Amino acid sequence: MGRRRALVVTAGIAVVVDFVLWAFVPGDFAALPGAYWLMAALAVVVDARPYVLADRRASSVILPSICFTFAIALAWGFVPALVVQLAAVTVAGVRMRLPVRRTLHLAVQHAAAIGAAAGVAAMVSLRIGPQPDWDDALLTVAAAGVWILARYGLAALVAWAGSHRRRRRARKQSVEVLATAALLLLGPVVLATAQVGLAFVPLVLLALHAVHRMVRSTGESERAARVDSLTGLPNRRALQSVVGEGGRERALLLLDLDRFRAVNDALGHRVGDRLLVEVGRRLADVVPAHDLVVRLGGDEFAVLANRVDGAPEARRIAYHLAEALNRPFAMDGLPVDVTASIGIALQDAPDADCATLLREAEVAMYDAKQRGDQVAVYGPDAAHHSPDRLALLADLRRALREDAPDDGIMLFYQPQIAIATGEVVGVEALLRWQHPERGLVGPEELIRVVEPTPVMRLLTGRVLHNVVAQLAAWREAGTPLRAAVNVSARDLHAGGIADRVEELLHEYGVPADLLQLEITESALMADPHRVLNTITRLDRMGIAISLDDFGTGYSSLQHLRRLPLAEVKIDRSFVLGMSTNRGDAAIVRSVIDLAEAMGLRAVAEGVEDELTWRLLAAAGCHAAQGWFHARPMPPADLAIWLSRYRPVRPGPAPLALPTGLG
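Reading the values: rules and limits
Residues numbered from 1 in each chain as written. Predicted model: local features only at pLDDT ≥ 70, side-chain atom pairs only at ≥ 80, totals over all residues. Heavy atoms only, no water. Buried < 20%, exposed > 50% of the residue type's maximum accessible area, 1.4 Å probe, protein only. Helix = DSSP H or I, 4+ residues; strand = E, 2+ residues; numbered from the N terminus. Pairing = 2+ DSSP bridges. Axes fitted to C-alpha atoms, helices over the stretch in contact; angles between N-to-C directions. Contact = heavy atoms within 4.5 Å. Phe/Tyr/Trp six-rings, centres within 6.5 Å; stacked < 30°, edge-to-face > 60°. Lys NZ or Arg CZ within 6 Å of the ring centre and 35° of its normal.

A. Focus on the pairing of strand E10 (residues 409-418). Among the 10 residues in E10, nine count as buried, and that is most of the element. Summarising the sheet, E10 and strand E11 (residues 424-435) pair through nine bridges and their orientation is antiparallel. For Ile-417, the partnering residue across the bridge sits in E11 and is Val-424. Between the end of E10 and the start of E11, which pair antiparallel, lie five residues, with Gly-422 showing a positive phi angle near 80°.

Rendered as structure tokens:
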């Protein structure tokens, strides 16, 4: 009913305005020749098929009638052209079912453009005769340029006044201006043709059809570039475009499907693709029309929610989306359960860019995974989002991308010693960064800043590359060593780490058994199924997997049974206290016994004195690392240390712990 009323109002306004213009200058219309009436009729007819670029905003509409109304303005003045243009705009608005406000906006733009062009023609006394000369052609181009400046300048002014910032894609705008110029410059040709014979004027419809095909082809190409080919949803490029238009009180919700890789592995990629399509449909069904559902790629979706009043409402929307996904999806008769981790970024400023919102939402999403929550909101006041840490993160990102030889990113290696024989069985790679202003930044601070962000992938890639290159150098020198590298939850969730490791081992010709990856219990608990898929593939490649900091997390012992682990590392907090605290000593012995029963190596971290070394030997621990044997050192220093090191077996352990222990 509202649409019908809008159409009636639009048509009524056009009729009234045209009648008023007719009433003021009835003599001018009575004296108009048949060419005018023919072109007027064609102008109204052709606007039944307006050209639309990419969307339905009035500023993106090209009216083919301007070919005729521009010619009329040059030949018979402003008022006759305006009457025809208003009638044609009304037809276009009715055909496109535009609201009254947008139709009026379109009419005002074209009225201003015709007035500007007619003014230029009047000032230079431009009249297109049967034999126009070069001056007429140049003046016609000038009038067309003024028409374009008037229309699009007014549209830009209105857009700026409404949102203070409205970016439009340069490609779309250039095509729009090009098509407009083609139609305008076709007008004088039509006018000259009419003076030769009216029967030739309708032939211009063929040229208009060609312009229409060009505009439609461009629009289809633009839409295809902004749509995900699998789900039919808008893609990342569409999201960037919408966010770039500015706005306030919006929230970007990033959804990462949990355990999607398991569905692909179990049911195949065809079913996995169908599941993604169904997830997209379900999200689109529950999201209001004024919000945008986007597939970013892989198993990541996003929702750009408008009219969001703060974090509580954004959380409510996130839980609504999560609830919609909780209902099982029927795939070939099998119910498939889907859950998602959701990160939320709030857009408070109208000039926020899409990359920043996506980064913040991704940080929040990984925060949710690491805490075991389903929803998290990005908080700039959190400790790991402080200006100091963000500056450190920016410096590290720049260093990683520039990859300069003197960027200060380096690896130290700490030997791991077989307790029973005293032999060096491997090393652990430990990250250091010599910041140009802050000095040496330790691994704990680095990982704390980097892990919740996409920079973690860049850092892991650099570390893996350097470690594998170093393994190749040691092997070529005749001293092959096994090196252990810590990887984060983000690396394991991304899944691409297995491909990267495989490429590096092949590139440097390093056997897989010389590389070991260490994962933490927190990484395991964030998404056990996805982590299991990744490390199972690594295990099949021959990469040993170590569970780091064992005993400090909340993982179930079932993970030790299910995961393809080669060793467990006893956390230094227990090892440091085992010579002075009966509880710590009992925990260490229990972990060693458990590892032995499951066929895993037990490695103790933080061995700093001989007594602890002997106690570990008595408990049956396989290997140890710590300052008692050697500090972490650069590769050159490690080579010197290895040349001087002589294996030492531990002596007998004390029969009992010293008295007075807690």
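B. Looking closely at the sheet that holds strand E5 (residues 300-305). Taking strand neighbours across the sheet as the criterion, the five strands line up as E4-E5-E3-E8-E9 in an open arrangement whose pairing is mixed. Each having just a single partner strand, strand E4 (292-297) and strand E9 (375-377) make up the two edges of the open sheet. In this sheet, adjacent strand axes meet at a mean angle of 20° when their direction is disregarded. Here strand E8 (residues 340-347) runs beside E9; their pairing, made up of three bridges, is parallel. Within E9, the residue paired with Ile-344 across the bridge is Val-377. Strands in contact with helix H10 (residues 236-244) are strand E3 (250-257), E4, E5 and E8; relative to E4, the strand with the most contacts, it is inclined by about 135°. Against the sheet, helix H13 (residues 310-326) makes contact with E3, E5, E8 and E9, and its axis sits at roughly 155° relative to E8, the strand it touches most.

C. Spatial organisation of the packing of aromatic side chains. The full count for this structure, using the stated rule, is five aromatic pairs. For the ring pair Tyr-413 and Trp-474, a centre distance of 5.1 Å and an interplane angle of 70° mean the geometry is edge-to-face. Within this pair, whereas Tyr-413 is found in strand E10, its partner Trp-474 is found in helix H17 (residues 455-476), the two being separated by 61 residues in sequence. One exposure class covers both Tyr-413 and Trp-474, and it is buried. With centroids separated by 4.6 Å and ring planes inclined at 20°, the aromatic side chains of Trp-641 and Tyr-645 adopt a geometry described as stacked. Each member of the pair Trp-641 and Tyr-645 is classed as buried. Ring pairing ties together the aromatic residues Tyr-36, Trp-37 and Trp-76, which thus form one cluster. Above the face of the Phe-412 ring, Arg-432 is positioned so that its terminal group lies 5.4 Å from the ring centre.

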